[in-house]
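Structural description and commentary
Listed here are the chains, written in short residue letters.
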Amino acid sequence: MFRSRTPALAALCAPAVTLAVTLAMAAAVPPAEAAPARPDPIAGFTEENAKWQRQYEKLLSAVPSAKEARALDAELASEPGLTTTTGDRHRVERIVARLKSYGLEPEIKTYYAYLSMPKRVTVEMTAPDHRTLPVKEKQQPWQKHFDQVIPGHNGMSPSGDVRGEVVYANYGRPEDFALLAKSGVSVKGKIVLARYGQVFRGIKPREAARHGAKGVLIYSDPADDGFTRGKVYPDGPWRAADGIQRGSIAQIQLAAGDPQTPGWPAVKGARRIDPSEAPMLEGLVPTTPISYGAAEPLLRALKGTEVPKEWQGGLPFRYRFGPGGTKVHLDLENEFSVRPLWDVTVRIPGSERPDQEVILGAHHDAWTYGSVDNLSGAENVLQIGRALGSLLKQGWRPKRTVVLATWDGEEYGLFGSTEYAEQRERDLRNAVAYVNMDGAGGSQFGASATPALDRFVVDAAKEVGWPGTSGTLYEAWKAQNKGATPISRIGGGSDFQAFFQRFGVPAMDLGSSTPGSSGNYHCACDDHYWTSHFGDPEFEYHAAMSRLVGIATLRLANADVVALGYRPYAEETARYLADFTAEQRKRLGSVVVDVSRSIAQAKAWQRAAEALQERADEALREGDTTAFRRLNDKIMQTERDLLTSAGLPGRPWYRHQIYAPGIDTGYATQRLPALYDALFVDEDPDTAEEYEARLRASLRAATRTLTP
C-alpha cells in the first residue's frame, strides 16, 4: 500500500534512515513553530497513507521560519515593484535566484499587457482659493529607490484636462448617486469627490460617468483607515494624512486580464482588439486618487446641504454635498502602451498523475514596495518552495504535479494569472485546485473558497500552531469569530478569478492580516518598515501561513481521493435559489422567474453527492485504488459542470453560474449572478428564464457526474 502511493520514497536505498534522521531534525524545531501532533485520519487518505502524509507534513512544517520570512521581505521589498518596470524585473530576478537556490527549476513566462503609466498628474484647488495639492507621499529616511514610487495613479484611467465644481458622493456607490439625485444634487459637468471603501474603486468612476460627471477624485477618509483609528505611519499602522491609495479602475467585474485580449493569451503577436472595444475600459472618466490631507481643504470649503450622518467622515467639520465653494482643476496625462510582464513558475512533476495539477499562486507585483500586498503571499510561496525543495532532495515526489507561481500584473487587473490560465486552458481541465494567497502575514486569519473545500480548509487549520497562542490556527480562528470558522465565497479582486470563474478550477484564497492593514493599502507606506514594526514584527505569522498553505498543497497533491465535498455545495445552492424567489417577492411583488425545478435539481445533486461520499469512504477503507481514479475523475469534473459556455449576460468572460463579482460591487460575491443580473439589474425576465434553464442543465450535469 505504501509503495503504490509513494513510489519515490520506496525506491530510496535507505529510506528508513533518511526519514528517521530528517524527522529527528523536524522534532528539534521549537514548539512554537512546529505543527501540532494529530493522530486523526485525514479526509481523502487511507489510514496507512494518512500516517505517511503526516510525516511529510511534519517535514515540511520544520522548514519555514520567521528568520527566513524577515530576510525575504527585507530583500524583495527593498525596491518598488510596479508591474512591467525595472524594479519589477529586479524582483523577478531575485525570486528566480531564490527558487534556484532551493534546487528548483523556475521558468519566467512573459506576457504582454495594455496598461497605463502616469506621465503627468496635477490636482489644483482653484476656488475659493488656489493651491496645488500633493500627489505623492513624502519620502521616509529608510525608503530606497523612492524615485521609482509613482505618484497617485488609478490604473487604466483615461487622460483628461477638466475643471469644475466639486460634489461629494460618499463612497460613490449606485445608492449614493441615487441619494444625491433624490436630494436635488446633480453631478453633471462636475468633478466628483468620493471616498474609498464599500465597493471596488472602479465602480465609483463608472457611476460618476453615468451621471454626467467630468472627472473623479478618490481619497481615503480618516474614518475608514486614518487617524481616527489610531496612530498613523510611521508612528503606527494607520494611514497618514499624505498616504495615497493607488489602484486600478479597470472594470474587472466585466472581465479580467489584458484588456485587449479578453479570453485568449496575451502572448507576443496575439490578436488585439481596439481599446475602445475593451469591456474593462468601458464608461470611465479621468480619475485619480488623493490623500485625505489633500481632500481636506476641498471638503472644508464645500457649500450646500449637510450630508446625512452615514456620509460623515472623520475630518473635524461637517461634510456637505456641494456644489458650491470648491472648484478643482484635474490634469491627467496617462500613457497607454503594451508592455511585458513576467510570471515565475515552478513545476514539480507528480509521480503517479503528472497530468493532474495543484497550483499555488501569489502575485509579486505591487503599486509601491508591496511588503504586505503582496510580497507576504509571494514570500510564502518561496518558503513553501524551499520546503518542497528540501523534500525533493530526500527523494520525495508528490503524487500529483505541484505548480508554484508568483504572478505579475495583478494590481492592474489580474493580468499575469489570467494570461497564464488562458494560455493553459486545455491543461486546466486536469487541475485539481488553485490555492491563492493575497496578504498572508498577520494575526487575523481569513479564508474564501468554493463550498466544496470548506471542510478541507477547516481541517488544514487544525494542523498549524498559531503564534501568540498555545493552540492551533483553528482554535484562534474560532476565538476571533465567536466560535465560528467563517469562510467567504469567492468574489472578485485577486488571482483566483480566471481559474475559478472562467475555467471552473476549485479554488481557495487563504490569508491573514493585522488590525491596521487597511492603513497601508497601496500607499508608499506598504514597506518593510511597516511590516517589521506593525504588521508582523517577529514574522511568525508569515511562517505559520507558509506551514498552513504548504500542508494544504501537500494534501491536495497526495490525496487518494481528493477531498472536495459537494453535499454542502448543493445544499447551499438550493438555499440561494430559495433566496432568489424570496427576493423576487420582496422587490417585484410576485415570482416572475420560477426556479422550483432548479431547486429540485439541486436537491438531487445533494443526494448524489451524499452517495458518492459514501462510496469514497468505502473505497478508502478498503484501499480500492481502481475506485480512487473513477472517484477523482468525477470529483474534479463537478465544479466545471457549473460553468456555462455562453458566459454570464453582459459579461461573457465570466462563466461560473453560482459565483461572480457583483456587477455593482466589483469585489463582493454575487450568488447566482446570471439570474440576479438579468432580472434585477437589466430588468429582463426573458434572459433570466433562459439562464434559469442553463443553470438547471448544469445542476443536472453535476448530478449525473456524481452518479455511478
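Preceding block: the structure.
Residues numbered from 1 in each chain as written. Predicted model: local features only at pLDDT ≥ 70, side-chain atom pairs only at ≥ 80, totals over all residues. Heavy atoms only, no water.

1. A short note on the overall build of the protein
Defined as follows: We count a stretch as a helix when DSSP gives it H or I for four or more residues in a row; a strand needs E for two or more, and each element gets its number in order from the N terminus. Buried means the residue's accessible area, taken with a 1.4 Å probe over protein chains only, is under 20% of the maximum for its type, while exposed means over 50%, and partly exposed covers the values in between. The contact rule is simple, with two residues in contact once any of their heavy atoms fall within 4.5 Å. Every accessible area reported is derived by Shrake-Rupley at a probe size of 1.4 Å, with residue values counting cover from the shown protein chains alone. When charges are counted, Lys and Arg contribute as positive and Asp and Glu as negative, whereas His and the chain ends are disregarded. Taken as the charge centre is NZ of Lys, CZ of Arg, CG of Asp or CD of Glu, depending on the residue.
Of regular secondary structure, the protein possesses 23 helices and 14 strands. Dimensions of the protein along its principal axes, counting C-alpha atoms only, are 80 × 65 × 55 Å. By residue count, 63% of the 708 residues in the protein fall in the buried class. Of the contacts made within the protein by residues no fewer than 6 positions apart, 79% connect residues no fewer than 24 positions apart. Total accessible area computed for the protein in this model is approximately 25200 Å², and 50% of it derives from carbon and sulfur atoms. Separation of charge centres in the protein, based on 84 positive and 87 negative side chains, amounts to 1 Å.

2. Quick notes on helix α15 (residues 473–480)
Count 3.6 residues to each turn of an α-helix, and residues three or four apart come out pointing the same way. What counts is decided by this rule: Note that the arc is computed from the directions linking the helix axis to the C-beta atoms.
If you check which residues of α15 are buried, you get Leu-473, Tyr-474, Ala-476 and Trp-477. Buried residues of α15 fall within an arc of 165° about the axis and therefore sit on the same side. On its buried face, α15 is in contact with β11 (444–449), α14 (454–461) and α18 (540–558). Lys-482 occupies a position one or two residues after α15 and carries a positive phi of about 55°.

3. With respect to the state of the cysteines
Test applied: Cysteine sulfur pairs qualify as disulfides if the two atoms are within 2.5 Å.
For the structure on display, the rule yields 1 disulfide. In this model Cys-523 forms its disulfide with Cys-525; the gap between the sulfur atoms is 2.0 Å. Each member of the pair, Cys-523 as well as Cys-525, carries the same accessibility label: buried.

4. Let's talk about the layout of surface pockets
Stated precisely, the cut-off is as follows: Cavities and pockets were defined on a 1 Å grid built from protein atoms only: a cavity is a group of points that admits a 1.4 Å probe but offers it no way out, a pocket is an open group of points flanked by protein on both sides within 12 Å along at least five of seven lines, and a lining residue is one with an atom within 4 Å of any such point. Grid points are joined across faces, edges and corners, and a volume is the space filled by probe spheres set on the points. Think of it as three bins: nonpolar holds Ala, Val, Leu, Ile, Met, Phe, Trp, Tyr, Cys and Pro, charged holds Asp, Glu, Lys and Arg, and polar takes everything else, Gly as well.
As a volume, the second largest pocket reaches approximately 660 Å³. As for the second largest pocket, its lining consists of 37 residues, of which Ala-43, Gly-44, Arg-455, Gln-613 and Asp-617 are closest to the centre. Sorting the residues of the lining of the second largest pocket by element identifies α4 (47–61), α14, α19 (567–588) and α20 (596–622) as the ones contributing at least two each. The element that contributes the greatest number of residues to the lining of the second largest pocket is α20, accounting for 8 residues. Of the residues that constitute the lining of the second largest pocket, the class distribution is 19 nonpolar, 4 polar and 14 charged.

5. Details of the packing of aromatic side chains
As a reminder, the rule being used: Two rings belonging to Phe, Tyr or Trp (six-membered ring only in the last case) form a pair when the distance between their centres is within 6.5 Å. Interplanar angles under 30 degrees mark stacking, angles over 60 mark edge-to-face geometry, and anything in between is tilted.
Considering all chains together, one arrives at 30 aromatic pairs under this definition. Seen in terms of ring centroids, Tyr-420 and Phe-499 are 6.4 Å apart; in terms of plane orientation they differ by 50°. Their pairing is tilted. Taken together, the positions of Tyr-420 in helix α13 (residues 415–423) and Phe-499 in helix α16 (residues 496–502) put the pair 79 residues apart, joining distant regions of the chain. Its relative accessible area of 2% is what places Tyr-420 among the buried residues.

6. Some details on unusual backbone geometry
The peptide bond linking Tyr-233 to Pro-234 adopts the cis configuration, its omega dihedral lying at 10°. For Pro-234, the location among the structural elements is in the loop between α9 (222–225) and β6 (287–290). For the peptide bond that leads from Asp-373 to Asn-374, omega is 5°, which places it in the cis range. With respect to the element layout, Asn-374 can be found in helix α11 (residues 371–393). Despite not being glycine, Gln-198 shows a phi value in the positive range, around 75°. Under the relative-accessibility criterion, Gln-198 is labelled exposed at 56%. The backbone of His-522 sits at a positive phi, close to 60°, despite the residue not being glycine.

7. As for helix α17 (residues 528–535)
The buried count for α17 comes to 6 of 8 residues, which makes it a mostly enclosed element. Along α17, the residues that are buried comprise Tyr-529, Trp-530, Thr-531, Ser-532, Phe-534 and Gly-535. Check the buried side of α17 and you find it contacts α5 (66–76), α11 and α18.

8. Some details on the packing of α14 against α18
Worth spelling out the cut-off: An axis is simply a line fitted to the C-alpha atoms; with a helix, the fit covers only the stretch in contact. Between two such axes, the angle follows the N-to-C directions and lies from 0 to 180 degrees. For classification purposes, an angle smaller than 35 degrees is called roughly parallel, one larger than 145 roughly antiparallel, one from 65 to 115 roughly perpendicular, and anything else oblique. Crossing handedness is read from the near helix: turned anticlockwise from the far helix by less than a right angle, it gives a left-handed crossing, and turned clockwise, a right-handed one.
Between α14 and α18, the least distance of the axes is 9 Å, while the angle of their chain directions is 130°. The orientation of α14 with respect to α18, classified from their angle, is oblique. Taken as a pair, α14 and α18 cross one another with a handedness that is right-handed. Contacts between α14 and α18 involve Phe-456, Asp-459, Ala-460 and Ala-461 from the former and Leu-548, Ala-552, Arg-555 and Leu-556 from the latter. In terms of residue class, the contact of α14 with α18 is made up of 6 nonpolar, no polar and 2 charged.

9. Overview of the pairing of strand β8 (residues 353–363)
Let me state the cut-off plainly: We call a crossover right-handed when, viewed with both strands directed away from the observer, the connection leading from the first strand over the helix to the second proceeds clockwise. Paired strands are those between which DSSP finds at least two bridges.
Of all the 11 residues making up β8, 9 are buried; the element is thus mostly covered by neighbouring parts of the structure. Between β8 and its parallel partner strand β9 (residues 400–407), the chain crosses via α11, and the hand of that crossover is right-handed. Two elements, β8 and strand β10 (residues 431–436), share 5 bridges in a ladder whose sense is parallel. Pairing of Ile-359 across the sheet is with Tyr-434, part of β10.

10. A few points about the nonpolar core
Our working rule: Side-chain atoms within 4.5 Å link the members of a nonpolar core, which is a set of buried Ala, Val, Leu, Ile, Met, Phe, Trp, Tyr and Cys residues.
Counting 154 residues, the largest nonpolar core has Leu-388 and Leu-510 as the members making the most contacts within it. Looking at which element gives the most residues to this core, the answer is α18, with 10 residues. Discounting chain neighbours no more than four positions away, the residues touching Leu-388 are Leu-60, Ile-348, Trp-396, Val-402, Leu-404 and Leu-554. Core analysis: the next-biggest nonpolar cluster, separate from the first, contains 43 residues, Val-121, Ala-169, Ala-295 and Ala-301 among them.

11. What to know about empty space enclosed by the protein
The tally for this structure, following the rule as stated, stands at 4 cavities of 30 Å³ or more. By volume, the largest cavity amounts to about 90 Å³. For the largest cavity, the full set of lining residues is Glu-137, Lys-138, Gln-140, Gln-143, Tyr-233, Pro-234, Ala-240, Asp-242, Gly-243, Cys-523, Ala-524 and Cys-525. Taken together, the residues of the lining of the largest cavity break down into 6 nonpolar, 3 polar and 3 charged.

12. Things to note about the side chain of Ser-371
Worth spelling out the cut-off: Polar contacts, as used here, are pairs of N or O atoms within 3.5 Å; protein pairs need one atom able to donate a hydrogen and one able to accept it. Residues neighboring in sequence count only if both atoms are side-chain atoms.
Secondary-structure assignment places Ser-371 in helix α11. The class for Ser-371 is buried, based on a relative accessible area of 1%. In this structure the side chain of Ser-371 is engaged in a polar contact, spanning 2.8 Å, whose partner is the side chain of Asp-73. At a separation of 2.6 Å, a polar atom in the side chain of Ser-371 contacts the side chain of Thr-531. When neighbours within four sequence positions are excluded, Ser-371 is seen to be in contact with Asp-73, Ala-77, Ser-376, Asp-526, Asp-527, His-528 and Thr-531.

13. Considering the pattern of salt bridges
Stated formally: Here a salt bridge means any side-chain nitrogen of Lys or Arg lying within 4 Å of a carboxyl oxygen belonging to Asp or Glu.
A complete count under the given rule lists 41 salt bridges for this structure. A salt bridge links Arg-555 to Glu-463; the nearest nitrogen and oxygen atoms lie 2.9 Å apart. Placement of the pair is Arg-555 in helix α18 and Glu-463 in the loop between α14 and α15, with a sequence separation of 92 residues. One continuous salt-bridge network, built from bridges that share partners, spans Lys-119, Arg-120, Asp-331, Glu-333 and Glu-335.

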